[in-house]
Amino acid sequence: MRSTLIFAVCAAALSLAACSDQHATEIKEGARAAATDIGDAAKEISSDPDVKEAGTALKESAKEAGAELKEAAGKATDAAQEAGEKAGDAAKEAGNDIEAGAKKAGAETKKEVHEATR
């Protein structure tokens, strides 16, 4: 009885192993078929005139956007430079006003000290 049980277990294990090999073979074949289908679809898509036209349109659009961006950057640079120049002029004028005010205050203080010491 024991040997019958062992024989049955061995037979079941061999059956499962055979199913696993068969299943693995089926999976490999399915994967190969899927890879072939994907490759064929990729070739078909790459030669499609609509796809090529869309690629060309995308390139043109990118060139136009680049040119517009460059132009906008140039305008922004010009505006920033102009604003910087105006700020520089205003700072220079303010500096001149401060210097003139300081000279005037210094002269008045000198005059008051001179009168006070008389």
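No experiment lies behind these values; they were computed from the predicted model shown.

### Brief notes about the overall build of the protein
- Helix and strand counts for the protein stand at 2 helices and 0 strands.
- Of all 118 residues assigned to the protein, the portion counted as buried reaches 0%.

### Let's talk about the pattern of salt bridges
- Per the counting criterion, the structure on display carries 3 salt bridges.
- The partner of E71 in a salt bridge is K75, with the nearest N and O atoms 3.3 Å apart. In this pair, E71 and K75 are both assigned in helix α2 (residues 49–116), 4 residues apart and thus about one turn of the helix distant.
- Of the residues examined, E71 reaches a relative accessible area of 48% and is grouped as partly exposed.
- Of the charged contacts, one joins E99 and K103 as a salt bridge, the two residues approaching to 3.6 Å between their closest N and O atoms. In this pair, E99 and K103 both sit in helix α2, 4 residues apart, roughly one turn of the helix.
- E99 sits in the partly exposed class, given a relative accessible area of 43%.
- Since its relative accessible area comes to 57%, K103 is described here as exposed.

### Brief notes about α2
- In a regular helix each residue adds 1.5 Å, so 68 residues correspond to 100 Å; α2 covers 99 Å between its end C-alpha atoms and thus fits that length.
- Here α2 starts with a cap whose side-chain oxygen sits 2.8 Å from the backbone nitrogen of D50, and that cap is D48.

### Describing a negative patch on the surface
- Taken together, the side chains of E85, D89, E93 and D97 make up a negatively charged region of the molecular surface.
- As for its placement among the helices and strands, D97 is situated in helix α2.
- By relative accessible area, D97 is classed as exposed at 53%.

Reading the values: the criteria
Residues numbered from 1 in each chain as written. Predicted model: local features only at pLDDT ≥ 70, side-chain atom pairs only at ≥ 80, totals over all residues. Heavy atoms only, no water. Helix = DSSP H or I, 4+ residues; strand = E, 2+ residues; numbered from the N terminus. Buried < 20%, exposed > 50% of the residue type's maximum accessible area, 1.4 Å probe, protein only. Salt bridge = Lys/Arg side-chain N within 4 Å of Asp/Glu carboxyl O. Expected span 1.5 Å × (residues − 1). Polar contact = N/O pair within 3.5 Å; in protein donor to acceptor, adjacent residues only side chain to side chain. Patch = residues over 30% accessible without salt bridge, like charges linked within 9 Å, V, L, I, M, F, W, Y side chains within 5 Å. Areas by Shrake-Rupley, 256 points an atom, 1.4 Å probe, with all protein chains shown as cover. Lys, Arg positive; Asp, Glu negative; His and termini not counted. Charge placed at Lys NZ, Arg CZ, Asp CG, Glu CD.

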